[in-house]
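# Fold and geometry: a report
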Amino acid sequence: MIPAIVVFLYLAIVLYVGIFAFRKSRPSGEDYFLAGRSIGPFVFLFSLFGTNMTAFAILGSSGLAYQRGIGVYGLMAACSSFVIPFTLFLIGTRLWAHGKRFGHMTQVQFFRDRWECSAIGTLFFALTALMLVPYVIIGVMGGGATLEALSTVLGPDGQPVMVEVLRGGQTVLEARHWVSYEVGGAIVALVVMSYVFLGGMRGTAWVNAFQTILFLSFGAVAFYLISRNLGGFDQVMRRLGADPETASLLTRQRIPQAEFFSYFFIPLSSIMFPHISIMCLTARRVSSFKHTVIFYPVCILAIWLPSVYLGVIAADQFPGLTAGESDDVILRLLTLHSDAWVAGILGAAIMACVMASDSQILALSTMFTEDIFAHYGGRQRFGGVAEVWTGRLFVVGVALVAWLAALGLKDRVGIFELAIRFAFSGFAALAPVMLAALFWKRSTKWGALAAALWVACAVLGTWYLHGLTREIAPAPGQPPVPIFAGLGGLLQRTPGNVTVAGFLPVLPMVLVSALLVWAVSLATRPPSAATLDRYFPR
Amino acid sequence: MRRSGGSRRWVGYLALWLAMIALRQDFWWWKDATLVFGSLPIGLASQVGYSILAALVMGSLVRWDWPEELERLERDDRPAARDRP
C-alpha cells in the first residue's frame, strides 16, 4: 500500500503544477497550445525528452529485453540517440523558424501554407490523428498496469495474497491489488486530463520536465538498489550465460540482422509525431536546440540502459513469463528488491514516463482546434476564448476515449507491439514529406498527397497482413514463414512482425514514400512564386 | 528562409548517415556473449559507446554546421496574426 500512497502523492504534485500553470496563463490559443512560444532551454530539453519517453520506453523495452535480450538497446535506443537529435537539428530548427515567422502552431498549418492547399492539411490531420491515438492509449494502459502492480496486497509472509478470478472461462489464481488496472487507468487518465485541461502546453512542459528529472534521478537509484540486493550483477549474468536457454539473451542472436537494420529508420517517426513537432514550436530561442541535440543521446542512454539491462536480469529472477506478462518486469524487480517507500518513489518515477501521453493528448487537441475548428471558421465566428475552450473540451473527450480503449485492450497485446505496429512506421514514412517541404522548392502538394496515401495504405496493409497471419506465426526462435508461396518469401511472418524481404515494413515504407514525393512532385506544378519566395527567400 | 547549404552539405549528411548505420550494425559481436567490466555483455557495451559517439557527433554539428541564419529570427519581431495561414 505504501508504494501506491507515494505514487498518489506524486500525482497530486503534477496536478498542482497544472494548476500553477493555469494561474500563469493568458486567454489566447497561442498561450494555451504553445505556452506563448516562451519555453527556455532547460525545460525545452527535458520536456522534449520526457514527451518522447512513454510507457513504451520503460515497460515496453524492459519487457522486450526479457524476451529478446540485450540487443533491444541497439534496436531502438542506439539508433534513436543519433536519429532523433539529428532530425531535431535539421527539421526541428526549421519548423521553429517557420512557426515564428508565419505563426504556425501545427504541422498541418505549415503544410497547408507551404503547398497552398487546404485539403492536404485535412488529410494529414486525419492520418496523423489516427496514428497518434494508440500512443495515447498506451499511456493509460501503462498507468493502470503500474498502479495495479504497485498496490499488490502482501500477506504476513511478505508474499502477494492470491485470489481466484475467472479468466476466459477458467478459474485462475491472481495477486490481489488495492487498485485495479481499470481504476488505475482511470486515475491516470483523470490526472493527465486535469493538468492538460488547466495548464495547456505550459503545464504539460513543466510536468514533463519534472517527470524527466525524476526518472533520470531515480533510474540510477533503482539500478543500484537491485544490484545491491542481488550482490551485484556479475553472478546473475554468468548464470544467464551458462544456461543454454538464456545464454542468447546476452547476445543479439534473438534479433535478425535485417530487422535490426530496419529499426534504424523507426526514430524518423519522432519529428513527425505531432506532439514533438508542436513542442519544437514552443522554444523561446532557436539556440535552445543546441543543448537539446547534444544531451539528448545522453538522456536516452541514462534511461534505456537500466531498462534493457534490468529486463535481461529479470529473465533470471522470473523465468517463463509470456510477452504480455513481461511488460511489468521492472515493477516486479522493484517490489522484490527494495523496501516499500523506495519502491513507491521509484514507481512514481516510472509513472513519470508512463504519463507522457499528456503531450499527445494536448497535440490532438491543438490539431483539432487549430486545423479543424479554427481553419473552418470557428475562431472567426466564436472568438479566441471559445477556441481555447474547444481545445480543453477535446482534451476531456480524448482522455475518456483512451481509458475506455485501454479497458478493452487489457492483456490483448504487449505495449511495445501496439505502438510500433500502428504508429511508428507510419510516422517514419512521412518524414520524407517534411524534408521535401522544408528543403526542396520543387516539391508539390501532389507529391505529398501520393506519399500520404501510400503511408495510409501501407499501415493498413501491414495491419491486415499481421492479423491474417496470426495463426501461422512461428514460435520465438523458429524461422519465418512465407505468407504467400507465390511471392517466393518476399512477404514473411516472424514471431512478432510481417517482413518484406526480411526487413521490417518501415524500410520500404520510407523508401517508397521518398520516391513518390520526388517523382510525383517532378511531374506536377510547384506552388506559386510568391509562396516559394516566402519559404525560400533569395 | 535561405537554404541551409549546398549539395556538399547534403553529401556530407548522407556520408554521416551511412557511417552511423554501418557502425551500429556491428555484426562482428552479434553472437559474442563476452562480459566486459564483469557484467556488461560486449554487444551492449558497443551500443552504449554508439550513443556516446552520437552525442559527440551532434556536438560537432552544433559547433561547425549550426544554421546561423535562424539566429537572426530571434532578433526580429514575429509578424502579427495577419500572416498566419
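Counting its regular elements, chain B contains 3 helices and 2 strands. Reading chain B from its N end, one meets helices and strands in the order α-β-β-α-α. The buried share among the 85 residues of chain B stands at 18%.

Here we come to the pairing of strand β1 (residues 162-167) of chain A. Residues and elements named next belong to chain A. Of all 6 residues in β1, 0 are buried, a share of ten percent or less. Pairing of β1 with strand β2 (residues 170-175), which is carried by 6 bridges, proceeds in the antiparallel orientation. The residue of β2 that forms the bridge with Val163 is Glu174.

The phi dihedral of Ala35(A) falls on the positive side, at around 55 degrees, and the residue is not glycine. In this structure, Phe37(B) is a non-glycine residue whose phi angle is positive, near 55 degrees. For Phe37(B), the location among the structural elements is in the loop between β1 (35-36) and β2 (40-41).

Sheet strands pair by backbone hydrogen bonding; their relative direction is either parallel or antiparallel. Residues and elements named next belong to chain A. Spatially, β3-β4-β5 is the arrangement adopted by the 3 strands of the open sheet, whose pairing is antiparallel. At either end of the open sheet lies a strand with only one pairing partner, and these are β3 (481-482) and β5 (498-500). Bridge count for β3 against strand β4 (residues 491-493) is 2 bridges, and the pairing is antiparallel. Note that in β4 the partner of Pro482 across the bridge is Gln492.

Here we come to the environment of Leu11(A). Residue and element names in this part refer to chain A. One can find Leu11 in helix α1 (residues 2-24). Residue Leu11 is classed as buried on the basis of its C-beta count, with 22 C-beta atoms lying within 10 Å. In sequence terms Leu11 and Gly184 are 173 residues apart; their C-alpha atoms lie 12 Å from each other.

Right, let's talk about the nonpolar core for a bit. All names here are of chain A. Formed by 185 residues in total, the largest nonpolar core has its most connected members in Val192 and Ala428. Looking at this core element by element, the count peaks at 20 residues for helix α8 (residues 181-230). Those residues in contact with Ala428 that lie beyond four places of it in its chain are Phe265, Ile266, Leu268, Ser269, Val506 and Val510.

Facing the 50 residues of chain A at the interface are 40 residues of chain B. Elements supplying a minimum of two residues to the side of chain A that touches chain B: α5 (71-102), α6 (107-114), α9 (234-242), α10 (257-262) and α13 (288-317) of chain A. With 16 residues, the top contributor of residues to the side of chain A that touches chain B is α5(A).

Residues and elements named next belong to chain A. Close contact between α8 and helix α18 (residues 384-408) brings their axes to 9 Å; oriented N to C, the two are set at 165 degrees. With respect to each other, α8 and α18 are oriented roughly antiparallel. Considering only the axes of α8 and α18, their crossing is right-handed. Contacts from Glu182, Gly185, Ala186, Ala189, Val192, Met193, Val196 and Phe197 in α8 reach Arg392, Val395, Val396, Ala399, Ala402, Trp403, Ala406 and Leu407 in α18. When its residues are assigned to classes, the contact of α8 with α18 shows 13 nonpolar, 1 polar and 2 charged.

The next point concerns the confidence of the model for chain A. When pLDDT drops low, the exact placement of atoms in the prediction is not to be read closely. Of all residues in chain A, 94% attain a pLDDT of 70 or more, and the chain-wide mean is 87. Across chain A, helix α21 (residues 506-523) of chain A holds the top mean pLDDT of 97, while helix α15 (residues 340-354) of chain A sits lowest at 69.

Residues and elements named next belong to chain A. Between α8 and helix α14 (residues 329-337), the least distance of the axes is 10 Å, while the angle of their chain directions is 55 degrees. Of the possible angle classes, the one that applies to α8 and α14 is oblique. Both α8 and α14 take part in a crossing whose hand is left-handed. Across from Ala222, Leu225, Ile226, Asn229 and Leu230 in α8, the residues of α14 making contact are Leu333, Leu334 and His337. For the contact of α8 with α14, the class distribution of residues is 6 nonpolar, 2 polar and no charged.

What counts and what doesn't
Residues numbered from 1 in each chain as written. Chains lettered and ligands numbered in written order. Predicted model: local features only at pLDDT ≥ 70, side-chain atom pairs only at ≥ 80, totals over all residues. Helix = DSSP H or I, 4+ residues; strand = E, 2+ residues; numbered from the N terminus. Buried ≥ 20, exposed ≤ 12 C-beta atoms within 10 Å, placed from the backbone. Pairing = 2+ DSSP bridges. Core = buried A, V, L, I, M, F, W, Y, C linked by C-beta atoms within 7 Å. Contact = placed C-beta atoms within 7 Å. Axes fitted to C-alpha atoms, helices over the stretch in contact; angles between N-to-C directions. Parallel < 35°, antiparallel > 145°, perpendicular 65-115°, else oblique. Left-handed = near helix turned anticlockwise from the far one by under 90°. Nonpolar A, V, L, I, M, F, W, Y, C, P; charged D, E, K, R; others polar. pLDDT = per-residue confidence, 0-100.

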